[in-house]
Amino acid sequence: MKKFSVFLLFFLIGCGYKPSTLYQNKILGDNINAKVVIDPKNPRETIFLTDAVRDAIYTVFDKNLCFSGCDTTLEVNPSASSLIPLDYDENGYPILYRSKVVLKVTLKDKSGKIRNYTVTGTYDFNVAPQSVLTDQIKLDAYKKASINALNRLFAKITKDGAEQ
């Protein structure tokens, strides 16, 4: 087992592996201010998005959330969301839906450079034939699509850090 661990260590060092946080740190400072623009059409969903962005700052980026004098400013604007039926049963009732969220993000990085991102997240889910879509089902679908969009945002930030 020890030989395998040593082999794995040399392999990872030899192939040039670097964790994504190394690339993210090239763009992000230690203190991040996260602003989410409230969508008057969907205020409940926007409140969830605010919590998800703040949670991601702690868990994904391992950074501190601040409100003034921050190194980085992240402004998230939910520009569009939709719930579209994708498939129908033999009676014409929708049985498969797709929730789609589009986020426009403006990031002012630690060097003062402003970066704009547009990310889309989707989530497909089934429902029983002839069932009613409740607000809770719609909110859950929005949450999962938003998390998907945020994951795409983090990947783009990592990509930009790798290109620097």
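Residues numbered from 1 in each chain as written. Predicted model: local features only at pLDDT ≥ 70, side-chain atom pairs only at ≥ 80, totals over all residues. Heavy atoms only, no water.

1. Some words on the packing of aromatic side chains
Condition: Note on aromatic pairs: the rings of Phe, Tyr and Trp (six-membered ring only in Trp) are paired at centre separations within 6.5 Å, and the planes decide the class, stacked below 30 degrees, edge-to-face beyond 60, tilted for the rest. Each helix is a run of H or I in the DSSP string that is no shorter than four residues. Each strand is a run of E no shorter than two, and both are numbered from the N terminus. Working definition: with a 1.4 Å probe on protein chains only, accessible area under 20% of the residue-type maximum means buried, over 50% means exposed, and in between means partly exposed.
This model, assessed by the stated rule, comprises 3 aromatic pairs. With a centroid separation of 5.7 Å and an interplanar angle of 20°, the aromatic rings of Y97 and F125 are classed as stacked. You can see Y97 sitting in strand β4 (residues 94–108) and its partner F125 sitting in strand β5 (residues 114–126), a full 28 residues away along the chain. Per residue, the accessibility class of Y97 equals that of F125, and both read buried. Among the aromatic residues, those joined into a cluster by ring pairs are Y97, Y123 and F125.

2. Focus: the pattern of salt bridges
Operational definition: Basic side-chain nitrogens of Lys or Arg form a salt bridge, by our definition, when they fall within 4 Å of a carboxyl oxygen of Asp or Glu.
Taken as a whole and judged by the stated rule, the model has 5 salt bridges. A salt bridge links D109 to R115; the nearest nitrogen and oxygen atoms lie 3.1 Å apart. With respect to class, D109 is no different from R115; both count as buried. Residue E163 pairs with K159 through a salt bridge whose shortest N-O separation is 3.3 Å. Within this pair, E163 and its partner K159 are both found in helix α4 (residues 135–163), separated by 4 residues, close to a single helical turn. By relative accessible area, E163 is classed as exposed at 57%. The network of salt bridges with shared partners includes D109, R115 and D160.

3. With respect to the side chain of D39
Where we set the bar: In this analysis, two residues are considered to be in contact whenever any of their non-hydrogen atoms come within 4.5 Å of each other.
Assignment of secondary structure puts D39 in the loop between β1 (31–36) and α3 (43–59). When near neighbours in sequence (up to four residues on either side) are disregarded, D39 contacts T46 and P78.

4. A word on the pairing of β5
Rule in force here: Only strands that DSSP links by at least two bridges are regarded as paired with each other.
Relative to β5, β4 runs antiparallel, the two sharing 13 bridges. Across the sheet, T106 pairs through a bridge with N116, a residue of β5. Between β4 and β5, which pair antiparallel in sequence order, lie 5 residues; one of them, G112, sits at a positive phi of approximately 95°.

5. Side note on the packing of α3 against α4
Our working rule: Only C-alpha atoms enter the line fits that serve as axes; for helices the fit covers just the stretch in contact. Angles between N-to-C directions range over 0 to 180 degrees. Crossing handedness is defined as follows: a turn of the near helix away from the far one that is anticlockwise and smaller than a right angle gives a left-handed crossing, while the clockwise case is right-handed. Under the scheme applied here, ten amino acids are nonpolar (Ala, Val, Leu, Ile, Met, Phe, Trp, Tyr, Cys and Pro), four are charged (Asp, Glu, Lys and Arg), and all others, including Gly, are polar.
Across the interface, α3 lies against α4 with an axial gap of 10 Å and an inter-helix angle of 35°. Handedness of the crossing formed by α3 with α4: right-handed. For the pair α3 and α4, the contacting residues are R44, E45, F48, L49, A52, V53 and A56 in the first and D135, L139, Y142, K143, S146, I147, L150 and F154 in the second. In the contact of α3 with α4, the residues fall into 10 nonpolar, 1 polar and 4 charged.

6. Some details on the nonpolar core
Selection rule: Put simply, a nonpolar core is a bunch of buried Ala, Val, Leu, Ile, Met, Phe, Trp, Tyr and Cys residues held in one set by side-chain atoms that sit within 4.5 Å of each other.
Counting 28 residues, the largest nonpolar core has L49, V53, V76, L103, L150, L153 and I157 as its most contacted members. Breaking this core down by element, the ones donating at least two residues are β1, α3, β3 (72–88), β4, β5 and α4. At 7 residues, α4 tops the list of elements feeding residues into this core. In this view, L153 contacts V105, Y117 and V119; residues no more than four positions away in its chain are not counted. Counting 5 residues, the second-largest nonpolar core is a separate cluster that includes Y97, F125, L133 and A141.

Geometric descriptors of this kind do not, in isolation, establish any biological role.
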